[in-house]
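Overview (structure and organization)
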Amino acid sequence: MMANPLREGLTTRAVPQPCAIVIFGATGDLTHRKLIPALYNLAADGELPPGTTVVGFARRPKTDEEFREELKETTKKFSRQTVRDDIWSSFAAGLFYHQSDFEDESGYTSLARQLDDIDAKRGTRGNRLFYFAAAPEQFEPILKNLKAAGLNESKNGGWSRVIVEKPFGRDLASARELNGIVASSFSEEQTYRIDHFLGKETAQNILVLRFANAIFEPIWNSRYIDHVQITAAETLGVEARGGYYETAGALRDMVQNHMLQLLCLVAMEPPTDLRADSIRDEKLKVVRSLRRYDVEQVAQFVVRGQYTAGAINGTDVPGYRQEEKVDPNSTTETYVALRAIIDNWRWSEVPIYIRVGKRLPKSATEISVHFKRAPQVLFNRNNAELGQNVLVIRIQPDEGISLRTMAKIPGSSLRIEPVKMDFRYGTSFGKASPEAYERLLLDAMSGDATLFARRDEVEEAWAFIDTIENGWARGADPLTFYPAGTWGPEEADELLARDGRSWRRL
Ligand code: BG6
């Protein structure tokens, strides 16, 4: 039975189908930390269609047995649930290793044979999901060889899809080129560009909050909203990823994708229905409406910082320039704060402040919607001390939503203080949310592209980011520094202070 790609209502979803998942870059970090633990957890929760098989495709020689052993060790470390031997052994029976160079054509013809064999033995029905967890330079030979081996086409009534990991280009030109390379082997319908933030439970809940409740939409506009803040703070540094990070920086690594995706969910118009393309059409319009910066505006509205040595939770940590595989004179930014404007009717002149940073004092990702103050009459006469109503969507940790309102402090005198109405996933639903990759892998197996980025969305996001990179390249906005364990450069505070505002304390 073909999956129905339409996500109907809130309770049903397309049925994921058993398939062979071929991971290119199977010995890498992503496979060990995220992909296999996600598949294991799906298996443990009974969500993985029986017969689902993983083929790890990589260069190093390795037996199936060695591959399984290594994956078991790392899954024990990174899995959300404890690894149970009985579940692992039936899951591991579907893990295989295929050794080949990415450039070697014969490796793909033997892969095709192996996949036919898996279809026959494990009932994967000709369904193939190719996961690109390799470096982007390797995409081209992999795609070419998949096509030459006929693996890009559906077979025996099955389907063939490709999941592409970031970085999806490093500017508009390279993203277009990469999209072109992918498109020469797989159609847009077969292509799933992953942005794991979209798989986070609370990110998905943004649309539910906005469009399954009648009370928010009427006030979700420039008449009532003063400004929005989107923060992704991490205590981690670049860890072992200095080589990659040097080519990216915080703007490309976090803002182009994750932050703009969150912004789209918060700012988009209601879609006409819940089809993947209806939702993505609306997100695209948001990115398209983002006001582009000229060089002078980059200097004015964007702050870039890099961490120096400092301490996180009492432990000394090195500065970015002292990290492994980082140039000792690097000017790569590990922190970005910016003020964006969406030029459309709903958001006219409402500032959207975005900040991301590594080695900040706390790890937290959240969106806060700050409403305008009450009129200056009654309790707010003389613009007293009344604060703003703030709706906070906590993406992680401690997923939930809170609303800050004003309340009278009990007692005979009239004193008003902000209080919080708080919804927490943990207490309301009593179970841990699945990991983003679990949801996204299942969606790709079901043919539901809603939570994946479309080609035009990605390119439009790069067009916006390019205006900032261009400003930086022309010397706007010199790099600033902040000690690890602090909330970023002072310039980021000044960015808001100039507007009479301040960052929310996390
Ligand atoms: C990744 C970035 O996409 O997202 C990392 O490359 C970052 O630099 C990570 O640390 C953050 O994701 P999460 O899910 O840990 O918040």
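Cut-offs applied
- Each chain carries its own residue numbering, running from 1 in the written order of its sequence.
- With pLDDT at 70 or above as the cut-off, local features in this predicted model cover only qualifying residues; side-chain atom pairs require 80 or more to be listed or tallied, and sums for whole chains, interfaces and linings still use all residues.
- Side-chain measures here rest on the full set of heavy atoms in the structure, leaving out hydrogens and waters.
- In this scheme Phe, Tyr and Trp rings, the latter by its six-membered ring, pair at centre separations within 6.5 Å, and the angle between planes marks the pair as stacked below 30 degrees, edge-to-face above 60, and tilted otherwise.
- Numbering of helices and strands runs from the N terminus; a helix is a DSSP stretch of H or I covering at least four residues, while a strand is a stretch of E covering at least two.
- Exposure categories follow from relative accessible area, calculated using a 1.4 Å probe and restricted to protein chains: below 20% of the type maximum is buried, above 50% is exposed, and the middle band is partly exposed.
- Whether a charge lies above a ring is judged from NZ of Lys or CZ of Arg, which has to be within 6 Å of the ring centre and within 35 degrees of the ring normal.
- Criterion used throughout: strands pair if DSSP finds at least two bridges between them.
- Think of each axis as a best-fit line through the C-alpha atoms, taken over the contacting stretch in the case of a helix, with angles from 0 to 180 degrees between the N-to-C directions.

Glancing now at the packing of aromatic side chains. What the rule picks out here adds up to 25 aromatic pairs. Arranged with centres 5.0 Å apart and planes meeting at 40°, the rings of Phe57 and Tyr108 form a pair that is tilted. In this pair, Phe57 sits in strand β2 (residues 53-58) while Tyr108 sits in helix α4 (residues 105-122), placing the two residues 51 residues apart along the sequence. Judged by relative accessible area, which is 0%, Phe57 ranks as buried. Members of the aromatic cluster, each reached through a chain of ring pairs, are Phe24, Phe57, Phe102, Tyr108, Phe130, Phe132, Phe139 and Phe186. Sitting over the face of the ring of Tyr307, Arg359 holds its NZ or CZ atom 6.0 Å from the ring centroid.

A separate point is the sheet that holds strand β11 (residues 335-341). Ordered in space as β16-β15-β14-β13-β7-β12-β11-β8-β18, the 9 strands form an open sheet in which the pairing is mixed. Either end of the sheet is taken by a strand with one partner, and the two such strands are β16 (416-424) and β18 (480-483). Ignoring strand direction, the axes of neighbouring strands in this sheet form an average angle of 20°. For strand β8 (residues 302-308) and β11, the ladder comprises 4 bridges, and the chain directions are antiparallel. Across the sheet, the residue bridging to Val302 is Leu338, located in β11.

Relative to strand β15 (residues 400-408), strand β14 (residues 390-396) runs antiparallel, the two being bridged by 5 bridges. Bridging from a neighbouring strand, Arg394 pairs with Gly400 of β15. The turn linking β14 back onto β15 is made up of 3 residues, and Asp398 within it adopts a positive phi angle of 60°.

Nothing here speaks to function; it is all geometry.
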